[in-house]
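Residue-level structural notes
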Amino acid sequence: MPGSPVDSLRLVGHVFSVSGSQANIRLTGPVRSELPDDRRITVGKFLAMRTLRSSVVGVVTDVDTGQKPAGEAGIPLTARVDLLGELKEGKGGSVRFQRGITDYPVIGDEVDLLGSDDLRRIYDTASADTINIGQLQQDSSIGARIKIDDMLGKHFALFGSTGVGKSSGVAVILRQVLEMRPDLRIFLIDPHNEYGHSFRDRAQVLNPKNLKLPFWLFNFEETVDVFFRGRPGLEEEVEILSQVIPQAKNMFANARNGEVQHSLRKLDSSTTGYTVDTPVPYRLSDLVSLIDERMGKLENRSTTTRYGRLAARIEMVRKDPRYAFMFDNANVGGDTMVEVIGQLFRLPANGRPMTVMQLAGFPAEVVDSVVSVLGRMAFEFGLWSDGAVPLLFACEEAHRYAPGDKAIGFGPTRKAISRIAKEGRKYRVFLAVVTQRPAELDSTIISQCSTIFAMRMANERDQNIIRSAVSDAAAGLLAFVPSLGTREVFAFGEGVALPTRLRFSELAAEYIPRSESVSSGKIDTASVDATLIERVVERWRGATMGNRHRLGTTTQDHGTPTPETGSTTPLEAERSLLRAAAPSIASGKAPPVTPARQDSDLRARLLRK
Ligand SMILES: Nc1ncnc2c1ncn2[C@@H]1O[C@H](COP(=O)(O)OP(=O)(O)O)[C@@H](O)[C@H]1O
Ligand SMILES: [Mg+2]
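Residues numbered from 1 in each chain as written. Chains lettered and ligands numbered in written order. Predicted model: local features only at pLDDT ≥ 70, side-chain atom pairs only at ≥ 80, totals over all residues.

1. Some points on the environment of Gly334
Rule in force here: Starting at the N terminus, helices and strands are each numbered in turn, a helix being any DSSP run of H or I of at least four residues and a strand any DSSP run of E of at least two. Here contacts are defined at the residue level, using C-beta atoms placed from the backbone and a cut-off of 7 Å between them.
Here Gly334 is to be found in the loop between α8 (324-327) and α9 (337-344). Residues contacting Gly334, with those up to four places away along its chain left out, are Arg256 and Pro281.

Put into structure tokens, the structure is as follows:
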């Protein structure tokens, strides 16, 4: 401590050179592995350089003998230290830690190992502004505290291989956040239906059975994605849609205003105020009538086919029971946007300020669009309410929805998430991304996350991503990442006082996230009842019914792609219907749908619109 004598037992050496962000320490004692842990100087240990006015805190990144042969008696060892911040006496005499260095150590200053008291001063500062998420690795008697507003306000990310405790860590963090920030809303994207029980009565759990997300809330790109079942839209059909959707919106508005229903013919999209993207209700039946009516006026058979095919496509999706969440009763109650937003984002919260959005039961080909709509609504609600209600949008498996590779995934989903990352904080919409493959996540999103929790990661590419994202002087600490144990995590950035190696709190067994259908592999056979099998079948189908698993496969994926042989899938049914609507297709001249990759230029064109 400033002014306090250095404990001679802890004294490890003296400063012998200082540069902008580093210092070299000549160690006085030997560096031997048989020393007790709190005396051992090795990479990752925190040291304190006692200057006249402060204690400069640094972390050891290197220990060596300089240029001389190692291990010989009498040859001084050198430790290189990254300077992180200082412990300084404040006005009231209390010692506080602050980042950055104002008083540099000078050559000859004494150096000792940072003791428990100092560590406690740095980390264990219980206050309304911090949450306790675990214990320090260096001293497990000290709580690991995170500055909640810095962590939330500037977004955070959690990375680590499968099985290291990411989801449990998310539960630990979010449970604490719920506790400390009752006014905050949390919206958690849960692709594996793991979190249903992790927040108990503090969260509502949404799934395809109880979610109401009317199709008219989807913007144009999302709508096209739904009608074309996750494949790029065929250009001519997309063109037709772009004309009739605004008209259908206008028809709905006019009908509601009690005006005499326009004859279809009189409608002209140039006179309607609505664009394809305006989130107002319309009826699919109007859409189909508009298409039919246009088709009726055409002579050219090949053009007629296009209209017929589009109408068939829309009917097909509407009748698909898996899409009930967006089409059933979508027009009941008229304009229900207020209710939908109220349900999604818990306004009012009624004691449950959190939503767990379970995605495993949704048709695989529509999941990306759903996430796109939800992310967009989260952002837009913040935008148009000027951040009236702070909202944390937390996304598991974020690399699926916001991949760095533009050729995979659904552009609008990435756009929705990036937008929160880039502009969300202005409107108090915060982002948390969780992934086992940071190298596959859009790097601009990572660069917006100011607090990073890095768990064990073996892959070199993933480690490099973290290394480049960590601006702290302590990037050297990342050398530990491949060897971290379960529950262990390195926390970097705004949310922590120092780059910190910590262990997440132990979560009670009943809160540990796990897939609902499989409880940790140990199933009590007596409890294998019909509902369990139902849940298994539901997830199985949800993951495999789509033609194309755009989501990619993950290590914990449930889905194997459906073989094209065997019983008739909805996709097959759709194809035969389309063939009926478009005879030229049946002859094999033009495929009704093109595989996503081959048609990426078409998608690109669509996306430019
Ligand atoms: N904080 C924790 N408390 C209790 N158990 C944990 C904790 N973290 C991990 N575990 C154990 O490790 C298992 C895997 O953790 P999980 O969070 O599912 O990892 P990941 O999401 O990275 O795949 C859990 O099922 C649990 O048994
Ligand atoms: Mg997980």
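Here the narrative resumes.
2. Here we look at the pairing of strand β3 (residues 46-50)
So the rule is basically this: Exposure classes come from backbone-placed C-beta atoms, where a residue is buried if 20 or more other C-beta atoms lie within 10 Å of its own, exposed if 12 or fewer do, and partly exposed in between. One bridge is not enough; two strands pair if DSSP finds at least two bridges between them.
β3 sits mainly inside the fold: five of its five residues count as buried. Here β3 shows no split at all, with Phe46, Ala48 and Arg50 on one side and Leu47 and Met49 on the other all buried. Between β3 and strand β4 (residues 54-64), which follow one another and run antiparallel, lie three residues. Relative to strand β7 (residues 110-113), β3 runs antiparallel, the two being bridged by four bridges.

3. Notes on the nonpolar core
One broad rule of soluble globular proteins: the nonpolar side chains tend to lie buried together. As a reminder, the rule being used: Joining buried Ala, Val, Leu, Ile, Met, Phe, Trp, Tyr and Cys residues through C-beta atoms within 7 Å gives a set, and that set is a nonpolar core.
If you look at the biggest cluster of nonpolar residues, it comprises 148 residues, and the most contacted ones within it are Leu47, Phe393 and Ala394. Once residues within four sequence positions are removed from consideration, Ala394 is found in contact with Val170, Leu174, Ile186, Phe187, Leu188, Ile189 and Ala432.

4. Quick word on the site of ligand 1
The condition is simple: For each residue, a C-beta atom is placed from the backbone, and the residue counts as near a molecule or strand when that atom lies within 6 Å of it. Each residue receives one of three labels: charged for Asp, Glu, Lys and Arg, nonpolar for Ala, Val, Leu, Ile, Met, Phe, Trp, Tyr, Cys and Pro, and polar for the others, Gly being one of them.
Around ligand 1, 17 residues are found, and the nearest of them are Gly165, Lys166, Ser167, Ser168 and Leu507. Broken down by element, the shell around ligand 1 gets its largest block of residues, four residues, from helix α3 (residues 166-180). Per-class residue counts for the shell around ligand 1 are six nonpolar, seven polar and four charged.

5. Brief notes about unusual backbone geometry
For the bond running from Leu347 to Pro348, omega is 0 degrees, close enough to zero to count as cis. With respect to the element layout, Pro348 can be found in the loop between α9 and β13 (354-358). In this structure, Arg200 is a non-glycine residue whose phi angle is positive, near 45 degrees. You can see Arg200 is positioned in the loop between β11 (185-190) and β12 (203-206). On the basis of neighbour counts, which here come to 11 C-beta atoms within 10 Å, the residue Arg200 falls in the exposed class. Here Arg229, not a glycine, exhibits a phi torsion of approximately 50 degrees, which is positive. Turning to its location among the elements, Arg229 is positioned in the loop between α4 (220-227) and α5 (235-256).

6. Remarks on the environment of Ser385
You can see Ser385 is positioned in the loop between α10 (364-384) and β14 (391-395). Residue class for Ser385 comes out partly exposed when judged on the 15 C-beta atoms lying within 10 Å of it. Spatially, the C-alpha atoms of Ser385 and Arg428 are 10.0 Å apart, while their sequence positions differ by 43 residues.

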